[in-house]
Each structure stands twice: as structure tokens, then as C-alpha cells.
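Spelled out from the first residue to the last, the chains are:
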Amino acid sequence: MSIKAFSLGAAEEVTGSKHVFEINGRFYMVDCGSFQGKRKESDEKNRNFDFNPDLLEGVILTHGHLDHCGLLPLLTKKGYRGNIFATPATRDIANLVMMDSARIQAHDAEFLAKQARKKGEKFSWKPLYDENDCVAAANQIVSLSYNRKMYISPDVQLEFFDAGHILGSAFAYMTVNPNPNEPEKETRILCTGDIGRKCKPIIRNPATNMPAPDYIYLESTYGNKLHDNHDLAMKELIRIVRDACSKKGKIIIPSFAIERAQELVFYLHLLTDQKKIPVVPIYVDSPMASNATSVFRVHPECYDESVNEAFLKHHKNPFGFNSLTFTTSVEDSKALNEKEGPMIIISADGMCEAGRVLYHLANGISNPKNTIMIVGYMAEDTLGRRIFEGQKEVKILGDIYKVEAKVEKCNGFSAHADYNEMIEWLKEIDTSRLKKIFLIHGEPDQQQGFKEHLAEAGFPNVEIVSPDKEYEL
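Residues numbered from 1 in each chain as written. Predicted model: local features only at pLDDT ≥ 70, side-chain atom pairs only at ≥ 80, totals over all residues. Heavy atoms only, no water.

Got a minute to help me understand the pairing of strand 8 (residues 156–162) in this structure?
Each regular strand displays side chains that alternate between the two surfaces of the sheet. Counting buried positions along strand 8 yields seven of seven residues, so the element is predominantly enclosed. Taken together, the four bridges between strand 7 (residues 149–153) and strand 8 define a ladder with antiparallel strand orientation. Bridging across to strand 8, Tyr151 finds its partner in Gln157. Two successive antiparallel strands, strand 7 and strand 8, enclose a turn made up of two residues. In this structure, strand 8 lies alongside strand 9 (residues 170–176), joined through seven bridges in antiparallel fashion. Within strand 9, the position partnered with Gln157 by the bridge is Thr175. (Buried < 20%, exposed > 50% of the residue type's maximum accessible area, 1.4 Å probe, protein only. Helix = DSSP H or I, 4+ residues; strand = E, 2+ residues; numbered from the N terminus. Pairing = 2+ DSSP bridges.)

Help me understand helix 5 (residues 131–139), please; the structure alone is not making it clear to me.
Since the α-helix turns once every 3.6 residues, residues separated by three or four places project in the same direction. Buried within helix 5 we find Asp133, Cys134, Ala137 and Ala138. Axial view of helix 5: buried residues confined to an arc of 140 degrees, hence all on one face. Residues of helix 5 that are exposed and point over 90 degrees away from its buried face: Asn132 and Asn139. Buried-residue contacts for helix 5 involve helix 3 (72–77), strand 5 (84–86), helix 4 (88–119) and strand 6 (141–143). Residue Asp130 occupies the N-cap position of helix 5, its side-chain oxygen lying 3.1 Å from the main-chain nitrogen of Asn132. (Arc of directions from axis to C-beta. Contact = heavy atoms within 4.5 Å. Polar contact = N/O pair within 3.5 Å; in protein donor to acceptor, adjacent residues only side chain to side chain.)

Any chance you could explain the nonpolar core here in plain terms?
One recurring pattern in soluble globular proteins: nonpolar side chains tend to sit buried together. Ranked by internal contacts, the top residues of the largest apolar core, which has 99 residues, are Phe21, Ile346 and Leu473. Other than its neighbours up to four places away in sequence, Ile346 contacts Ile253, Ser255, Ala261, Leu264, Val265, Leu268, Ile282, Tyr283, Val284 and Asp285. Leu218, Leu426, Ile429 and Val462 belong to the second-largest nonpolar core, a separate cluster that totals 24 residues. (Core = buried A, V, L, I, M, F, W, Y, C linked by side-chain atoms within 4.5 Å.)

Structure (C-alpha cells):
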């Protein structure tokens, strides 16, 4: 048996997830994501994606975030005609995310062409793919539900386990040369994708019931950080909303349209019902978040028991209430900038590199009555990271703005497990066969810290995956 592995992204960095396994001469790719971060640099990296699709036996998609699925349309555009395996919810979420990416690229191309014409310059930038390429990629997705085994080739069996990260997210568990009579001769590889956290609303906790793996490809986004606990995060949210309401200001929350937006709506609904925050208008200003919320409604198989109870048995909608408005048109989005506070605006993109949130930030970041609430990971060299780190002036849509709004950082809402939560998860799964942990999806300082934490917790055989190295399993 021969198994080799290498990574084309998310190695010593967080985004661009693409991990290739050569198993007995056949190649399998786990995730095919876009690089995110500084625009020019990310665009160059995405354009340099040149893996030969003819070599691929199959693609496995852990979940529908852009940094995991965003280059699937480019892969199929380059000629990949094989299967893309995903859970049913991931199929629907990824379809939304890919189409949204194609539309943003088309809009960017139009905007940049217009700017070039004004300056009398030549313009050559083109989108990586269009909506037709997204449709082609979506047509190749084969759904596989949680805890169902499928042979994806004669010697590789795939099973998905709930990763508890976003709707439909999965651990990809590959069993090589499966033989029920000789399990000791199998090789078992567990790719976590992104690991969620316990006690998050809406979706279940990360699964721990998988058979003992030999190798784990483990994310490390927060490998050297601890999140605020849930109760503290809720107290912070209450304080921030009350403070903004007292100043009649706006709370602008850059948020990923998938999971984070729905989770924030869930919490705000809960706190309003409990009269812990005033009734305040809440706008989810993202067509994709609106569409994603519709996807949530049709995938109750992913809900945790409490939401299932409320949603299915008592018909209470956890994703909508009287104070909430989903804004879809550009005109309605622009109108929010003219309205007086207090109000809460939840808008994509989560890292402030594209989308409608840029216009809300440009309009509101220099007003001291307003609050910018950071609720998730911000990649290096992004506008979100610069705001998060406290820069006094930032460039938005080509113009410089003073940061006069209050910046609040609430890491209790992250959908990624921190190092303590990941170690806790490792101790709950069966590690009796574990030979090595490979760390992916993390900045170098986070990975080095995580490696040390893992050693202290009794997991000494850990390797940080290098982007230019092949590994034998």
C-alpha cells in the first residue's frame, strides 16, 4: 500500500484549502478552496492553481465556506469531470457561495474596467470563472449524508461525520483498503476541515463517534488562542447593544453570510425575547445570507436538539422575528446609510474585503456614535484585520477614513474551536491507533503554539504541514 500527501493551500496559512492524497496511484483532493486575504496576492495565488484535473479520482468537500469550495468551478472549468462528494447541506451552501463569488468577480471586472476607462488605461483582469462554471461544478456534486459509507474507488471508502462548524460541515474519514476481516491492515485518515465548538446554537456538537484514525489532518486556526466562554460572549453582546442604543448609534457587524449571520440573529432574537436588550431594528444586508437562511430552513437534519424542538415541534422560527429585516436590493442597502440609529447591520463580507459591508463601513466608521463589532477570524492583510488591530486610519473603496467608531472584539462567536476545545475533542475520540497529527489551516505562530499545547496534552507526534513538502503516510 502506498499513501502520499501534499497540500496546495492552507499549509502554514489559513485559507485556500486544498489537500491531495495519492493512494495506491490514484489522487484524491480534500477541499478546493479560494485563497482569501490581500486582494492582489490572493488573486495571483488563485490564478496559479494549475493541478492537472486528469489525475484526480475524486474530490471531497468538507464544507461550503469559500476558502474550502471557492475554486471548484475553476477545477471543473479546467476539465475535471469526476465526482465531488459532500453532505446534502454542504452541496446547497457551496452552490450559493460559488455563485456569489462568480457574481462578485463579474461586478469587480465591470468596476475595474470602468475605472481603467476613466484613466485611459488598458484593462485585462478577468474573473476566474462565471455562473455557468458554478452550475457545472454543482452538477458534479454527489451527496453523502452523515454516517453513511461509500466506496469512492475500489480501495477507498469515505464516511462523513458532523464537524459542528457550519451547516453541513463534515469530518472526511477515509478508510484505505477496507477489509472487515483485517481492520489492522487498513489505513484510516481523518481530515477535519474546520472543527466547530460545543454548545453552539442551531447545529450539533462536533462528532466523536468515528473509528480510531491512524492519521489526522487537523485545523489550527486558533491553535494558540482561547475564546471567551458563551456566557461572557452573551454579556458582551448585551453591553454592546445597550451602549449603542443609548448613543442612538449603528452597530455594524462584518459577518460571513453562512452560519455567523444566522447565529447572531438567533442570539439577538433570544435576548430580545428575554428583554435583556431593547427592541432595535436589525438588518441582515446580504442577499447570500438571506438565501443561506432559506437553506437552513430545509436542512433540519443538521439541527441540534433544542432548535429541532422549537423549529419542528413548536413552529417557532429561530431565523426570523419582528425586529428583523432581510435587505436584498441595492437600493434598500443604500437607504440604510440614510437612516438614523439605533440599528444593527449584519453584512458580508466577513473579512471586509468585498461586498456591501464596505459601503456601511465607509459611511459609518468615522462616526463616534457607531460601533464596529468584530465577531470572527480576520486574515492577515485584510481591512477587517486592520480595523481589528486598531489602526486609526484605513482605506475603504480607495478613500482614507479615520476610525472614530468604537471597535469591539467578541471572539466568543467564532465558529472555530480554540486550542483547548480541539484538545478536548481529541481526548474524546478514539486515538488508540493514532500515528501522527498533521497541522493545517493556521498561521505559523498559531501552529507552533498548538504543537506545544498538543505535546503537553499527550500528543507529541505532530507535524506542521509545509506547502512544498510531500509526506508518506
